[in-house]
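Coordinate analysis (summary)
Below, each chain spelled out in residue letters.
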Amino acid sequence: MKREVPLVLTFLMTLLRFLFEMINPLLNYEISEGVMLFSRISFSVTFMYCMGLFMGLINLTRVHGNTIKRRREHWIYSVWLLIVLYGYAILGLFFGGLESEAFNWIYDAVIVPLDSTMFSMLAFFIASAAYRAFKVRNVESLLMMVVAFIVMLGNVSLGNAIWGSESWLGGFSGIKDWLLAIPNAASQRAIGIGVFLGAYAAILRVALGLEKRYLGGTDW
Amino acid sequence: MEWLKRLDSIDPRWVYVIMALSLVFPVLKPIGLAISINKETTIPVYNWIESLQPGDIVVGDVSFSGGSEGELGPQLQAWFRHCMQRGVKVIMVAQWNTGERLGYTLLEETAEQLQEEGIPCEYGVDWVYAGYKPGGTTLWRQMQLDFWEACAETDMLGNSFSDLPLMQRFKKWDKATASDLIIFSAGDPGVGTYTTYFPDYNIYVGNVAVQVPGAMNTLRAGQIKGLLAGLPGAAEYELLLDKAGKAVKLMDAQSMGHAWIMLLVILGNIGFYLGAKERD
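1. Quick word on the sheet that holds strand β4 (residues 180–185) of chain B
Strand pairing in a sheet relies on backbone hydrogen bonds, with the paired strands running either antiparallel or parallel. Residues and elements named next belong to chain B. Read across the sheet, 6 strands follow the order β3-β2-β1-β4-β5-β6 without closing on themselves; strand pairing throughout is parallel. Among the strands making up the open sheet, the edge pair consists of β3 (127–132) and β6 (226–229). Going across the sheet, the axis of each strand differs from the next one's by a mean of 15°, ignoring polarity. Relative to strand β5 (residues 202–207), β4 runs parallel, the two sharing 6 bridges. Residue Asp-180 lies in a different strand from β5, and its bridge partner there is Asn-202.

Laid out in structure tokens, this is it:
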């Protein structure tokens with residue numbers, strides 16, 4: 001039963017969701033006056049999202065609780081993580097949430113700037129990585145470098161100042177647009193179709209019970 | 001010529017310092033390089049808002065967080081300004097909970113500026129921020145059937161939809177109420193939600209620059225109608241509105257940053273080539 005019930009549930013839910021998309025009257029089907037069947041399904045998904053969040057909270061607490069208990073390397077960061085995790089959750093739940101100045105200040109003055117800083121550091125890493133790794137060793141790498149330069153210049157005003165969009169071939173910007181719209185779009189389509197077929201096969205395997213690793217454990 | 005061979009071993013600290021200077025100086029003292037407007041990507045978004053009538057409703061989606069604020073924040077603000085100038089009503093949702101409040105803060109900032117300029121931009125009447133709702137794509141499908149129920153009848157601030165005049169016109173998110181939408185996307189969940197579940201709607205996209213190549217095939221295929229591409233997209237939109245802002249100011253910094261990267265690649269290759277000749 002431990003094995004069969006999740007497999008049957010997975011199959012039924014996949015089939016149901018598929019049918020909702022395939023059969024329009026089913027999507028609009030009302031189980032009673034003004035109550036749609038799909039809205040009930042949708043709320044069950046929302047409930048699962050919330051439960052997933054709760055499970056994540058428990059899991060993080062267990063993992064980092066163990067790290068603290070056994071004084072593993074960098075355990076002090078686990079203490080900090082749990083303080084931030086529970087502190088922010090408590091502040092949001094019991095001290096006004098979005099109406100709380102402290103709650104909003106933490107988001108505006110800590111979370112957003114930290115997020116931006118992490119992303120901004122990419123500029124430095126990319127500069128350093130491009131300098132160290134972008135070496136012309138053969139014709140292919142030369143071609144890649146030329147294309148990279150055109151796309152970079154086509155994206156910024158400096159490229160426009162050197163070879164403007166009103167001049168021959170539309171300047172760097174015109175060539176960049178052509179590169180993105182024709183060769184790039186063609187390859188993106190090929191990649192997209194490949195990814196979709198792979199994902200479709202993986203979902204089909206899960207729905208039909210051929211893929212069981214998501215259930216955890218090792219006895220199947 | 002000996003120094004030329006050392007060009008492929010520049011101390012990384014110099015790389016970082018010069019990059020920092022290249023980015024900071026143009027922000028403090030803009031150079032004012034000309035910006036050309038992309039007819040394939042930016043113009044369709046601008047023309048879309050121009051073609052709407054005052055009172056029409058459009059939906060916007062904030063699917064980004066602080067990491068992409070530099071590019072998508074100015075896009076969102078310029079687009080929102082355009083909508084308000086044209087009298088177009090805006091309803092915002094958010095697929096990313098981490099960006100929900102950020103999106104609201106950006107719009108609130110623009111709304112205050114607009115009101116100071118005498119352009120009507122009243123919350124609840126001209127725009128509503130429904131915000132993030134958990135439930136993924138299934139909930140987005142549910143929004144099409146009953147937007148109020150899907151959003152638990154409240155906006156991000158906890159206001160009841162029944163107290164917001166604009167929401168009286170938006171019980172369902174179908175083609176009759178709002179057939180046009182724009183998503184400001186920095187990843188997943190993002191554009192896929194709309195190309196999959198809203199294929200008949202007119203979808204416009206504001207993307208971070210790194211995602212633009214991946215979105216070009218959907219633009220070419222007509223799945224999306226227009227695309228604001230990274231910071232240049234935001235700067236172009238600001239220029240179209242004749243209201244140069246943050247994006248235009250940052251474009252010079254981006255130019256200098258790109259120039260430094262290209263110079264580094266060229267210097268690295270000179271050093272590599274000369275070093276290789278010597279080794280041979």
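Following the structure, the description resumes.
2. With respect to the pairing of β5(B)
Residues and elements named next belong to chain B. Most of β5 sits inside the fold, with 5 of its 6 residues counted as buried. Once the chain exits β4 it traverses helix α8 (residues 191–197) before rejoining the sheet at β5, and the crossover so formed is right-handed. Bridge count for β5 against β6 is 4 bridges, and the pairing is parallel. Paired with Tyr-204 across the two strands is Gly-226, which belongs to β6. The handedness of the β5 to β6 crossover, carried by helix α9 (residues 212–221), is right-handed.

3. Some remarks on the domain arrangement of chain A
All names here are of chain A. In terms of domains, chain A is made up of domain 1 (1–74) and domain 2 (136–220). With centres defined by C-alpha atoms, the gap from domain 1 to domain 2 works out at 33 Å. With 7 residues of domain 1 at the interface, the matching set in domain 2 holds 8 residues. Overall, the association of domain 1 and domain 2 removes approximately 710 Å² of surface from exposure, summing both partners, and the carbon and sulfur fraction of that is 74%. Three residues, Arg-3, Leu-7 and Thr-10, lead the burial of domain 1 against domain 2; their summed loss comes to 61% of the area buried on that side. Applying the counting rule to domain 1 against domain 2 returns 0 salt bridges. Inspection of the domain 1/domain 2 interface yields 1 residue pair in polar contact (both at pLDDT 80 or more).

4. Observations regarding the pattern of salt bridges
Scanning all chains against the criterion turns up 10 salt bridges over all chains. The shortest N-O distance in the salt bridge between Arg17(A) and Glu21(A) comes to 2.7 Å. Of this pair, Arg17(A) and Glu21(A) both sit in helix α1 (residues 4–22), 4 residues apart, roughly one helical turn. Judged by relative accessible area, Arg17(A) falls into the buried class, the value being 19%. Salt bridges sharing partners connect three or more residues here, namely Arg17(A), Glu21(A) and Arg141(B).

5. Regarding the domain arrangement of chain B
Split into domains, chain B comes out as domain 1 (2–28 + 258–279) and domain 2 (42–244). Averaged C-alpha coordinates put domain 1 of chain B and domain 2 of chain B at centres separated by 41 Å.

6. Structural notes on the packing of aromatic side chains
Tallying each qualifying case throughout the model produces 24 aromatic pairs over all chains. Taking 6.4 Å as the distance between ring centres and 25° as the angle between the ring planes, the aromatic pair formed by Trp163(A) and Trp168(A) counts as stacked. You can call Trp163(A) partly exposed: its relative accessible area is 24%. Trp168(A) sits in the exposed class, given a relative accessible area of 66%. For the ring pair Trp48(B) and Trp79(B), a centre distance of 6.3 Å and an interplane angle of 20° mean the geometry is stacked. A residue pair is termed long-range when its members are at least 10 positions apart, and Trp48(B) in helix α3 (residues 42–51) and Trp79(B) in helix α4 (residues 69–86) qualify at 31 residues. Taking the relative accessible area as the measure of exposure, Trp79(B) reaches 0% and is therefore buried. Ring pairing ties together the aromatic residues Phe147(B), Trp148(B), Phe161(B), Phe170(B), Trp173(B), Tyr194(B), Phe198(B) and Tyr201(B), which thus form one cluster. The cationic tip of Lys135(A) hangs over the ring face of Tyr131(A); the distance from NZ or CZ to the ring centre is 5.5 Å. Against the face of Trp148(B) rests Lys171(B), its NZ or CZ located 4.0 Å from the ring centre.

Each value, and the rule that gives it
- Residues numbered from 1 in each chain as written.
- Chains lettered and ligands numbered in written order.
- Predicted model: local features only at pLDDT ≥ 70, side-chain atom pairs only at ≥ 80, totals over all residues.
- Heavy atoms only, no water.
- Pairing = 2+ DSSP bridges.
- Helix = DSSP H or I, 4+ residues; strand = E, 2+ residues; numbered from the N terminus.
- Axes fitted to C-alpha atoms, helices over the stretch in contact; angles between N-to-C directions.
- Buried < 20%, exposed > 50% of the residue type's maximum accessible area, 1.4 Å probe, protein only.
- Right-handed = clockwise from strand over helix to strand, strands pointing away.
- Domains from an automatic or database assignment.
- Contact = heavy atoms within 4.5 Å.
- Buried area = accessible area lost by both parts, 1.4 Å probe.
- Salt bridge = Lys/Arg side-chain N within 4 Å of Asp/Glu carboxyl O.
- Polar contact = N/O pair within 3.5 Å; in protein donor to acceptor, adjacent residues only side chain to side chain.
- Phe/Tyr/Trp six-rings, centres within 6.5 Å; stacked < 30°, edge-to-face > 60°.
- Lys NZ or Arg CZ within 6 Å of the ring centre and 35° of its normal.

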